[in-house]
Amino acid sequence: MECVKTVHYSIIINGEPTPPFDATKGLRQGDPISPFLFSIAMEYLSKGLNSLKNNSGFKHHPRCAKLGITHLSFVDDLILFARGDVESTVALQKRVNTPAVEIWARRNGIQAQLFQIPSKVMKAIEAHCRSYVWSGMNSITKKALVSWDKLCTPKCVGGLNLINLHVWNKAALLKKFWDLAHKQYKMWIKWVHMYYLKNQQPENFTMPKQASWMLRKILATQSTRNELHRPFKTGNSIVRQIYLQLLEYNVRVPWKCLLFKNAARPKAIFTLWLHIQDRLLTKDRLITWDVNIDPKCIFCDAFLETRDHLFVLCPFACSLWTRLFAWLQKII
């Protein structure tokens, strides 16, 4: 039993193990009873906090009094609002010191918040993603056969449909600006309209200096609205529609159906994509990088190894294609 008590785990992420962590007992997040217990506990806690408005000793926060906000609950976080006097703080403490809070505090989860990502953080994330695509490792490298902007374009125009984090963040902020004008039922939008907009349209509003940094960033995106030229389709993600409109890409390519949605291995699909982009590491390209190698084709040893020669013009490639087409005619 000693080995059972001292067991620990390590998870491999991108080929590298994480630091070991101990095993514990308790409700797992995927357990069906876990969200049910969480809902029961938070319902009880929310009713207790909402009843504070009937307490004569409790005073709302100055920015929450008009909407009667006492708290905001998230999956793994709870924000309480009250005036900073002793009487209001004691009233809050009495409501929070309940068994429901203990159950809620043990409930694990993920809270996603939308904000303007700083440029340094965005560059670091994209550097790690770019390096993993080309090297398969977590260490940052500058080696890249195709530009990151090309990788992030949709498949219909020749890209791999990876997410351009800078454009996606801008699209998400534009979605919040759109919400300010169209979704009056959300709590944070009600609060912005109550204390800042005051029956004004967001595009005609001048933000005061004391407003939060996040709100100023959302309203600053109205200058980007001129880049949107198509109306939104109902039933689809508005953020993704904005994202696709903000991406700058050219005409559609005719070979999309050849490359994607087939039974080939992902590595073979990626190699074929590099072949179409003329970015394979053939000898003619390696010579331009001052690599000291024999430039002749590895199969025929007679001509310069280029992409077209290696796959089409080489006598070995021609014989291989002939045998392949003959085999296809037999099975068809």
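Draft legend 1. Focus on helix 10 (residues 238-246). Of all nine residues making up helix 10, seven are buried, and the element is well covered by its neighbours. Those residues of helix 10 that sit buried are I238, V239, Q241, I242, Y243, Q245 and L246. Of the surrounding secondary structure, the elements contacted by the buried residues of helix 10 are helix 7 (165-182).

Draft legend 2. The arrangement of the pattern of salt bridges in detail. For the structure shown, the criterion picks out three salt bridges. Between D179 and K175 there is a salt bridge, with the nearest N and O atoms lying 2.9 Å from each other. Here D179 pairs with K175, and both are found in helix 7, just four residues apart, close to one helical turn. Close ionic contact of R307 with D308 constitutes a salt bridge, the shortest N to O distance being 3.3 Å.

Draft legend 3. Examining unusual backbone geometry more closely. Phi at D290 is positive, roughly 65°, even though this residue is not glycine. For D290, the location among the structural elements is in the loop between helix 13 (283-288) and helix 14 (307-313). D290 sits in the exposed class, given a relative accessible area of 73%. The backbone of D301 shows a phi angle near 55°, a positive value even though the residue is not glycine. Here D301 shows up in the loop between helix 13 and helix 14.

Draft legend 4. Molecular detail of the packing of aromatic side chains. Counted according to the given criterion, the structure contains six aromatic pairs. Arranged with centres 4.7 Å apart and planes meeting at 10°, the rings of F299 and F316 form a pair that is stacked. In this pair, F299 sits in the loop between helix 13 and helix 14 while F316 sits in helix 15 (residues 315-331), placing the two residues 17 residues apart along the sequence. Residue classification places F299 among the partly exposed positions, given a relative accessible area of 46%.

Draft legend 5. Region of the structure containing the confidence of the model for the protein. Scored by pLDDT, the protein has a mean of 79; 87% of the residues are at 70 or more. No element of the protein has a lower mean pLDDT than helix 4 (residues 99-105), at 41, and none a higher one than helix 14, at 91. Note that residues 99-113 has pLDDT below 50 and, in this model, 29 contacts with residues that lie over four places away or in other chains.

Draft legend 6. Fine view of a positive patch on the surface. Taken together, the side chains of K155, R252, K256 and K261 make up a positively charged region of the molecular surface. Within the fold, K155 resides in the loop between helix 6 (148-151) and helix 7. Here K155 falls in the partly exposed class, since its relative accessible area comes to 33%.

Draft legend 7. The packing of helix 7 against helix 10, seen in detail. Between helix 7 and helix 10, the shortest axis-to-axis distance is 8 Å and the interhelical angle comes to 125°. The angle between the axes of helix 7 and helix 10 places the two elements in the oblique class. Here the hand of the crossing between helix 7 and helix 10 comes out right-handed. Of the residues in helix 10, those in contact with V167, W168, K170, A171, A172, L174, K175 and W178 of helix 7 are I238, V239, R240, I242, Y243 and L246. For the contact of helix 7 with helix 10, the per-class residue count stands at 11 nonpolar, no polar and three charged.

Draft legend 8. View of the side chain of H60. Considering the arrangement of structural elements, one finds H60 in the loop between helix 2 (33-50) and strand 5 (71-73). Ignoring anything within four residues of it in the chain, the contact list for H60 reads K53, A65, G68, I69, T70, A82 and R83.

Draft legend 9. Layout of the nonpolar core. L180, V192, Y196, F205, M207 and L219 are the most contacted members of the largest nonpolar core, which totals 14 residues. It is helix 8 (residues 187-197) that provides the largest number of residues to this core, a total of five residues. Every residue in contact with Y196, bar those within four places of it in the chain, is listed here: R63, W191, F205, M207, P208, Q210, A211, S212 and L215. The next biggest cluster of nonpolar side chains, apart from the first, holds 12 residues, and it includes W134, C152, W255 and L274.

Draft legend 10. Region of the structure containing the environment of K150. Tracing the backbone through its elements, the reader meets K150 in helix 6. Separated by 12 residues in the primary sequence, K150 and L162 have C-alpha atoms spaced 9.2 Å apart. For K150, the residues in contact, after removing those within four places along its chain, are V157, G158, G159, L160, W273 and Q277.

What counts, and at which threshold
Residues numbered from 1 in each chain as written. Predicted model: local features only at pLDDT ≥ 70, side-chain atom pairs only at ≥ 80, totals over all residues. Heavy atoms only, no water. Buried < 20%, exposed > 50% of the residue type's maximum accessible area, 1.4 Å probe, protein only. Helix = DSSP H or I, 4+ residues; strand = E, 2+ residues; numbered from the N terminus. Contact = heavy atoms within 4.5 Å. Salt bridge = Lys/Arg side-chain N within 4 Å of Asp/Glu carboxyl O. Phe/Tyr/Trp six-rings, centres within 6.5 Å; stacked < 30°, edge-to-face > 60°. pLDDT = per-residue confidence, 0-100. Patch = residues over 30% accessible without salt bridge, like charges linked within 9 Å, V, L, I, M, F, W, Y side chains within 5 Å. Areas by Shrake-Rupley, 256 points an atom, 1.4 Å probe, with all protein chains shown as cover. Lys, Arg positive; Asp, Glu negative; His and termini not counted. Charge placed at Lys NZ, Arg CZ, Asp CG, Glu CD. Axes fitted to C-alpha atoms, helices over the stretch in contact; angles between N-to-C directions. Parallel < 35°, antiparallel > 145°, perpendicular 65-115°, else oblique. Left-handed = near helix turned anticlockwise from the far one by under 90°. Nonpolar A, V, L, I, M, F, W, Y, C, P; charged D, E, K, R; others polar. Core = buried A, V, L, I, M, F, W, Y, C linked by side-chain atoms within 4.5 Å.

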